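Summary of the model geometry
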Amino acid sequence: MPTITLQLGQCGNQLGCSFFNTLATEFSSHDYGTEAVHEYYRPSPDPNLYTARSVLIDMEPKVVAGARSAAAASGSWWRYPSAGYLVMQSGSGNNWAQGFHGYGPQVHDDAVELVRKEVEQADSLTGFLLLQSMAGGTGAGLGTYVAAALRDEYHSAFIANCCVWPYESGEVIVQPYNTLLTLSHLADVSDGLVLLENEALHRTAAKLYGIARPSFGDMNGIAARALAAALLPSQARGPYAGGAYTPPAPQHQHHHHHPAHGHAAGHGRNSPGSGSTGGGSGVQLPALRRADSSGGRLGGESPGLGSRAGSATPPPASGGGGSGFGVCTAPLAELLTRLCGHPAYRLLTLRSVPQLPPANIDFTTFTWPALTKRLRQMLVTGSVLEEGLDWSITPQSPGSAAAAAAGPGLAGPSVNRALASWLILRGQGAGEVDVGDFADPALTAAWSAEPLAVSYSAGRFGRCAMSACLLSNDRRCVGPIQRMQEHAYGMLESRAFVHQYEKYGLSVADFQECFARIEDIAQRYARL
Ligand SMILES: Nc1nc2c(ncn2[C@@H]2O[C@H](COP(=O)(O)OP(=O)(O)OP(=O)(O)O)[C@@H](O)[C@H]2O)c(=O)[nH]1
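For clarity, every value in this text was computed on a predicted model and none was experimentally measured. (Residues numbered from 1 in each chain as written. Predicted model: local features only at pLDDT ≥ 70, side-chain atom pairs only at ≥ 80, totals over all residues. Heavy atoms only, no water.)

A word on the overall build of the chain. From N to C terminus, the chain includes 15 helices and 16 strands. Taking all 528 residues of the chain together, 60% fall into the buried category. Surface accessibility of the chain: about 19800 Å² in total, with carbon and sulfur atoms responsible for 53%. (Helix = DSSP H or I, 4+ residues; strand = E, 2+ residues; numbered from the N terminus. Buried < 20%, exposed > 50% of the residue type's maximum accessible area, 1.4 Å probe, protein only. Areas by Shrake-Rupley, 256 points an atom, 1.4 Å probe, with all protein chains shown as cover.)

Structure below.
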C-alpha cells in the first residue's frame, strides 16, 4: 500500500533524495516484489521511468531544484513528479514561528492540493512519511504545520516523521527553540517520530566509514540506508522457542483517530479498498531485477504483521527458515502500530549494523552472533553507534529494570530500556538467527505488552551478506532532550531572540507550554 513521502526544507529534501536513491539501488539489485516498489514509486507515462510518490516543499527554490536535478541526473529509473513541488522565494530564516505561523497558513491550500494530487495517483494509502530537520524554520516550523494539516485532512492515514536532530553545538543559534517546538507539536499529530541525530550520523561517517570530513551527503546516505533497512519488506518471524516474545494478533485499528475519513474514499488505513494485489513477482519493472525463484513472497504466516485478508500463503521455497523476501504488506503501518501503540510514547531510535565503508564489505566476514551481539549492546547502552560500546554495562547494571525491581536508590539511567522494539534481520540464514537476547525482560519496561517483534528477509541488504537493524521505542531520547531543554530554558529566561518569534504570534507562554509538554515526555521515558 502506497506511502507518500514529503520532503520539507533543506534537510528534508536532501535526505529524501538519498532515501529514494537508496531504495532505487536496492530495488535494482534485489527482487523485493512489485508491491514493494509501488509503495514508494508509481509507474509514469514513460515505461522506463518510475515517479517517486513524493511532494517536495521548501521556501527557497535552490534545494528542491537540486534534488530534482540530482534525481534526473542519477541515471536511475526514478524521477520526482514533474509538478509535485512547492517553493517560495526565501527561506524561513531558521525561525520556527515564521515557518509555522507565517508560511503555514499562506501555503496551506497549495500544499494540501499537491498532496491530494499525489494521493489520487494511488489506489490506496498507508500514510505519509515526512522528512525534515528540527533546527531550522521551514522543515521544522512549516513541516510541523503541514503534518497537522495532513492529520486534519486524512484522519485515518498514518503519519510518520523522520526528524533530523541537530548537532549538540549547533550552527543554528535558536535550534533549542525550534527543536522543542517541533517535538512538542509533532508529539500530538504524528504516529511515530524517528529521531536521526546529526551528531551520531557525523561520528558514524567519521569513525566507522573513515570519512575525514563528512558532508551532509555522507550523513544522509547513512541515515537513508538505515531507514530503508527498516522500511523495506521483511517477513515476520514466529515466536521463537523458549522466549518471552509472543507475536500479537494483528492490530489494524488505530488507537486515537477517527475511522475512515470522508476525504477520499479508500484512502483510509482501514478502508475496504486498501488491499492490493500480488506479492511481487510477475510484473516487469524497468531496469529492475525480475523476480527470481525466491522472490515476492507474502509473509502469510506472519502472526504479528497483519497479512492481508484473503491472500494466499505460498509454501516457502526451502522449509523452515524461509528464503526469499517475505512481504510485510505495509511496513510503515505495521511498525507504527506495533511500536507506537501508546500515545505518550512516540519517539523512535534507529540502529543498524554493520556500519563499515563499502570498500571493506567484500573483505569482511560476517557472522550473525557477532552482529546481533553488537546491536544488542547498542540497545543495552542506548548507543546509536556501533563503535566505542561500553561492554561493562549489562541489563542488570544500575538503572536497569532488574536493578529497579531490587529496590530503590539504585536508579541511574546507565541501562537503556524499551517499550517496544522491532528487529529486522537481512541476509543468509536470517530466518534462524537466535534473537532471544533481545527479548530479555530486563531490557523492557515492566508493563510493555509486546516488547519485541522480529522479522527477516533472506535476501541481502546492500552488499552485506548479513545485516540487522533495530527500530526501538526506548529511553535514548532522554539525554538529547534534556540537554536541549537546558539550553532552551536558559535562552528563554533571558528572552533571547523571543521577539523574532513574537513577530509571528508565538508568545512566551506558548514556549513554556511546549517546553512543559516535552518535559513530560522526557520524564515518562526516563521512568520506563
Ligand atoms: N543530516 C542532515 N542534516 C541537515 C542537512 N541539511 C541541513 N541539516 C541540518 O538541518 C538543520 C537546519 O535546517 P535546514 O533543513 O537547513 O533548514 P530549513 O528547514 O530549510 O529552514 P530555513 O533554512 O529556516 O528555511 C541543522 O541542524 C543542520 O545541521 C542534510 O542534508 N542532512
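The end-to-end C-alpha distance of helix α15 (residues 508-526), which contains 19 residues, comes to 27 Å, matching closely the 27 Å that a straight helix rising 1.5 Å per residue would cover. On its buried face, α15 is in contact with α6 (175-189), β13 (347-353), β16 (466-474), α13 (478-493) and α14 (498-502). (Expected span 1.5 Å × (residues − 1). Contact = heavy atoms within 4.5 Å.)

Attention now moves to the packing of aromatic side chains. Within this structure, the stated rule accounts for 22 aromatic pairs. Pairing Tyr177 with Tyr501 gives two aromatic rings, centres 5.5 Å apart and planes at 85°, and the pair type is edge-to-face. Remark: Tyr501 occurs in helix α14 and Tyr177 occurs in helix α6; sequence separation between them is 324 residues. Of the two residues, Tyr177 and Tyr501, neither departs from the other in class, the shared state being buried. Cluster of aromatic residues (ring-pair linked, three or more members): Phe19, Phe20, Phe27, Tyr32, Tyr40, Tyr41, Tyr50, Trp77, Trp78 and Tyr80. Directly above the aromatic system of Trp391 lies the positively charged group of Lys373, at a separation of 5.2 Å from the ring centroid. (Phe/Tyr/Trp six-rings, centres within 6.5 Å; stacked < 30°, edge-to-face > 60°. Lys NZ or Arg CZ within 6 Å of the ring centre and 35° of its normal.)

With that settled, consider the site of the ligand. Among the 21 residues in the neighbourhood of the ligand, the closest are listed as Gln14, Asn94, Thr138, Gly139 and Glu171. At 2.6 Å, a backbone N or O of Gly139 approaches an oxygen atom of the ligand. With four residues, helix α1 (residues 9-29) is the largest single contributor of residues to the shell around the ligand. Tallied by class, residues from the shell around the ligand come to five nonpolar, 14 polar and two charged. (Near = heavy atom within 4 Å. Polar contact = N/O pair within 3.5 Å; in protein donor to acceptor, adjacent residues only side chain to side chain. Nonpolar A, V, L, I, M, F, W, Y, C, P; charged D, E, K, R; others polar.)

We now examine the sheet that holds strand β5 (residues 78-79). Whenever strands of a sheet pair, they do so through backbone hydrogen bonds, lying parallel or antiparallel. Judged by pairing direction, the sheet is mixed, and its three strands sit side by side in the order β2-β3-β5 without closing on themselves. In this open sheet, the two strands that pair with only one neighbour each are β2 (41-43) and β5. Looking at chain direction, β2 and strand β3 (residues 50-52) are connected through three bridges and run antiparallel. Counted as the bridge partner of Arg42 is Thr51 from β3. (Pairing = 2+ DSSP bridges.)

A word on the pattern of salt bridges. Any two side chains of opposite charge can pair, so long as their charged atoms come close to each other. Considering all chains together, one arrives at 14 salt bridges under this definition. Put simply, Glu168 and Arg483 hold a salt bridge, and the shortest N to O gap is 2.9 Å. Of this pair, Glu168 sits in the loop between β8 (158-165) and α6 while Arg483 sits in helix α13, placing them 315 residues apart in sequence. Given the relative accessible area of 33%, Glu168 is considered partly exposed. The closest approach of N and O atoms between Asp362 and Arg463, which form a salt bridge, is 3.0 Å. Placement of the pair is Asp362 in the loop between α10 (358-361) and α11 (368-381) and Arg463 in the loop between β15 (452-457) and β16, with a sequence separation of 101 residues. Using a relative accessible area of 41% as the deciding quantity, one classes Arg463 as partly exposed. Taken together, the salt bridges that share partners define one network made up of Glu113, Arg116 and Glu120. (Salt bridge = Lys/Arg side-chain N within 4 Å of Asp/Glu carboxyl O.)

The end-to-end C-alpha distance of α1 is 30 Å, a good match for the 30 Å that 21 residues give at a rise of 1.5 Å each. When you tally the buried positions in α1, you get 15 out of 21 residues, the bulk of the element.

Time to look at the nonpolar core. With 66 residues, the main nonpolar core has Leu6, Ile57 and Phe128 as its most contacted residues. When residues in this core are grouped by element, the largest group, nine residues, is from helix α4 (residues 96-120). The contact partners of Leu6, leaving out residues within four places of it in the chain, are Val55, Ile57, Val115, Phe128, Leu129, Leu130, Leu131, Val146 and Leu150. Tyr167, Leu232, Phe461 and Cys469 belong to the second largest nonpolar core, which has 62 residues in total. (Core = buried A, V, L, I, M, F, W, Y, C linked by side-chain atoms within 4.5 Å.)

Let us look at the sheet that holds strand β6 (residues 85-87). Strand order in the open sheet formed by 11 strands is β6-β4-β1-β7-β8-β9-β13-β16-β14-β15-β10, and the pairing between neighbours is mixed. If you trace the sheet from one side to the other, it starts and ends with β6 and β10 (235-236), each paired once. With five bridges connecting them, strand β1 (residues 3-8) and strand β7 (residues 127-133) associate as parallel partners. Bridge pairing in β7 places Ile4 opposite Phe128. The strands touched by helix α3 (residues 61-73) are β4 (54-58) and β6; relative to β4, the strand with the most contacts, the crossing angle is about 150°. (Axes fitted to C-alpha atoms, helices over the stretch in contact; angles between N-to-C directions.)

Read these as layout, nothing more, since geometry by itself doesn't imply function.
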